[in-house]
Amino acid sequence: MISIKSEQEIELMRKSGEITYGMFMALKDYIKPGMTTAQIDEYAYDYITSRGAIPAFLGYEGYPATLCISINDMVVHGIPDNTKIKKGDVVSVDAGSIYKGYYSDSAYTYIVGNVDKKTKDLVDNTRKALYEGIKVVKAGIKLNEVCKAIEKVARDNGYGVFDCLTGHGVGIHLHEDPYIPNLANHESERIILKEGMTLAIEPMFSLGTKDVYMLDDGWGIKTLDHKTAAHFEHTILVTKEGYEILTGEWKMAKEKDGYIELEGKVLDVIPGGDFKVELSNGHIVIARVSGKMRLNMIRIYPGDTVLMEVPICDLTHGRIIYRK
Ligand code: MF3
Ligand code: CO
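Residues numbered from 1 in each chain as written. Chains lettered and ligands numbered in written order. Predicted model: local features only at pLDDT ≥ 70, side-chain atom pairs only at ≥ 80, totals over all residues.

(A) Fine view of the overall build of the protein chain. Helices and strands together make up the secondary structure of the protein chain, namely six helices and 21 strands. Here the C-alpha radius of gyration of the protein chain, 19 Å, is about what a compact globule of 324 residues would show, namely 20 Å. Considering only C-alpha atoms, the protein chain reaches an extent of 60 × 45 × 40 Å along its principal axes. Per-residue burial for the protein chain yields a buried fraction of 43% across its 324 residues. Contacts in the protein chain between residues at least 24 apart in sequence constitute 66% of all its contacts with a sequence separation of at least 6. (Helix = DSSP H or I, 4+ residues; strand = E, 2+ residues; numbered from the N terminus. Rg over C-alpha atoms; globule rule 2.2 N^0.38 Å. Buried ≥ 20, exposed ≤ 12 C-beta atoms within 10 Å, placed from the backbone. Contact = placed C-beta atoms within 7 Å.)

(B) Structural detail: the site of ligand 1. In the vicinity of ligand 1, the contacting residues are Phe57, Tyr60, Glu61, Tyr63, Cys68, His77, Asp94, Asp105, His168 and Glu233. A class-by-class count of the residues in the shell around ligand 1 yields four nonpolar, two polar and four charged. (Near = placed C-beta within 6 Å. Nonpolar A, V, L, I, M, F, W, Y, C, P; charged D, E, K, R; others polar.)

(C) Here's a closer look at the packing of helix 1 (residues 7-30) against helix 2 (residues 37-49). Between helix 1 and helix 2, the shortest axis-to-axis distance is 10 Å and the interhelical angle comes to 145°. The hand of the helix 1/helix 2 crossing is right-handed. Between helix 1 and helix 2, the residues in contact are Ile19, Met23, Ala26, Leu27 and Tyr30 and Ile40, Tyr43, Ala44, Tyr47 and Ile48, respectively. Looking at the contact of helix 1 with helix 2 residue by residue, the class counts come to ten nonpolar, no polar and no charged. (Axes fitted to C-alpha atoms, helices over the stretch in contact; angles between N-to-C directions. Left-handed = near helix turned anticlockwise from the far one by under 90°.)

(D) Broad picture of the sheet that holds strand 6 (residues 160-161). With respect to topology, three strands assemble into an open sheet ordered 6-10-13, the strand pairing being antiparallel. Each edge of the open sheet carries a strand with a single partner, namely strand 6 and strand 13 (229-231). In this sheet, strand 10 (residues 204-206) lies alongside strand 6 in antiparallel orientation, the contact comprising two bridges. Across the sheet, residue Gly160 finds its bridge partner in strand 10, namely Ser206. (Pairing = 2+ DSSP bridges.)

(E) Representation of the nonpolar core within the structure. If you look at the biggest cluster of nonpolar residues, it comprises 72 residues, and the most contacted ones within it are Val93 and Ile236. For Val93, the contacting residues outside a window of four places in its chain are Leu27, Leu67, Ile69, Ala107, Tyr108 and Tyr110. Listed in part, the twelve residues of the second largest apolar core include Leu262, Val277, Ala287 and Ile320. (Core = buried A, V, L, I, M, F, W, Y, C linked by C-beta atoms within 7 Å.)

(F) Expanded view of unusual backbone geometry. Of note, the bond from Asp177 into Pro178 is cis; its omega dihedral lies within 30 degrees of zero at -5°. Even without a glycine there, the phi angle at His77 is positive, about 65°. Along the chain, His77 turns up in the loop between strand 3 (74-76) and strand 4 (90-99). Taking the C-beta count within 10 Å as the criterion, His77 has 22 such neighbours and is therefore assigned buried.

(G) Focus on the domain arrangement of the protein chain. What the domain assignment lists for the protein chain is domain 1 (7-248) and domain 2 (259-323). Placing a centre on the C-alpha atoms of domain 1 and another on those of domain 2 gives a separation of 27 Å. (Domains from an automatic or database assignment.)

(H) Up close: the packing of helix 3 (residues 117-135) against helix 4 (residues 143-157). Interhelical geometry of helix 3 versus helix 4 gives an angle of 155° and a closest axis separation of 8 Å. Judged by the angle between their axes, helix 3 and helix 4 are roughly antiparallel. Helix 4 is crossed by helix 3, and the crossing has right-handed handedness. Taking contact as the criterion, the partners of Asn125, Lys128, Ala129, Glu132 and Gly133 in helix 3 are, on helix 4, Val146, Ala149, Ile150, Val153, Ala154 and Asn157. The class makeup of the residues in the contact of helix 3 with helix 4 is six nonpolar, three polar and two charged. (Parallel < 35°, antiparallel > 145°, perpendicular 65-115°, else oblique.)

(I) Spotlight on helix 2. In a regular helix each residue adds 1.5 Å, so 13 residues correspond to 18 Å; helix 2 covers 18 Å between its end C-alpha atoms and thus fits that length. For helix 2, every residue scored as buried is listed here: Thr37, Ile40, Asp41, Ala44, Tyr47 and Ile48. The arc that holds every buried residue of helix 2, seen down its axis, measures 125°, which confines them to one face. The secondary structure elements touched by the buried residues of helix 2 are helix 1, strand 1 (54-55), strand 2 (68-71) and strand 4. (Expected span 1.5 Å × (residues − 1). Arc of directions from axis to C-beta.)

Listed below in structure tokens is the structure:
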């Protein structure tokens with residue numbers, strides 16, 4: 001049975017999601033080469049507990065930590081230990097928190113230092129798949145539309161998709177109905193999304209095989225061919241018009257007149273004079289420089305930190321309004 005959350009329950013899930021999201025944003029600056037995964041776990045534990053929440057994974061079926069930290073060929077459920085983060089590592093972090101009994105669940109893949117283009121693309125495309133899956137969400141659609149949208153990104157890029165690892169309902173428990181596979185399937189074809197459902201959507205892709213094996217610790221899951229994997233996840237609410245991302249997305253941004261302002265980092269120049277900008281919440285958007293900045297001949301280069309204005313109705317395009 002897929003539960004429908006009340007407005008009061010949703011409010012608690014928003015709060016839970018905000019704490020989880022805040023932790024992910026804080027980790028972005030915190031994770032550094034040389035640090036152990038146990039050290040990152042301790043930081044996350046302090047972050048969540050000091051905000052009145054409980055780490056959702058700690059003690060879940062005996063899981064011993066706050067975070068799952070899965071590096072390179074580890075897909076999910078890596079137990080933090082004395083492994084040191086190295087430059088060039090692809091570090092997938094999965095975390096959840098419980099606020100007044102309500103769960104949120106999210107994952108983010110951090111690239112430490114530089115990696116080759118195909119690895120960077122894997123991470124970008126796995127994140128893209130999460131948003132492609134989220135974008136189709138709306139009361140009345142078949143769940144399979146979400147699965148199909150995620151699968152398409154994997155197929156277009158030739159990535160491995162693990163059929164045994166799926167997203168799920170979330171809220172009163174960490175794992176609720178329905179399963180949300182990252183591949184089109186018959187079961188999801190029969191499920192119609194309704195207003196008030198809360199879902200954890202979580203694409204996981206690899207540069208190679210879809211086959212995995214479990215480590216002797218009974219948790220860690222690695223790709224059989226040891227190729228790199230990436231993982232992104234958000235907890236979302238199904239609404240009449242679409243969705244709301246509960247794991248904090250946009251929450252930390254100022255909103256005015258249908259626009260939000262967010263900091264971002266310029267990644268690339270696009271032919272034609274636009275820029276590819278990674279926002280502080282992980283979104284990659286296409287940006288154009290504001291007329292005022294052009295007039296003042298303020299030039300933008302890859303690596304610049306900028307302030308962006310993004311219309312809420314189209315989260316894929318924005319304007320650079322300030323260079324830091
Ligand atoms: N996001 C993961 C999942 O949905 C978290 C579970 S890991 C555990 O499966 F450690 F809590 F078990
Ligand atoms: Co999950």
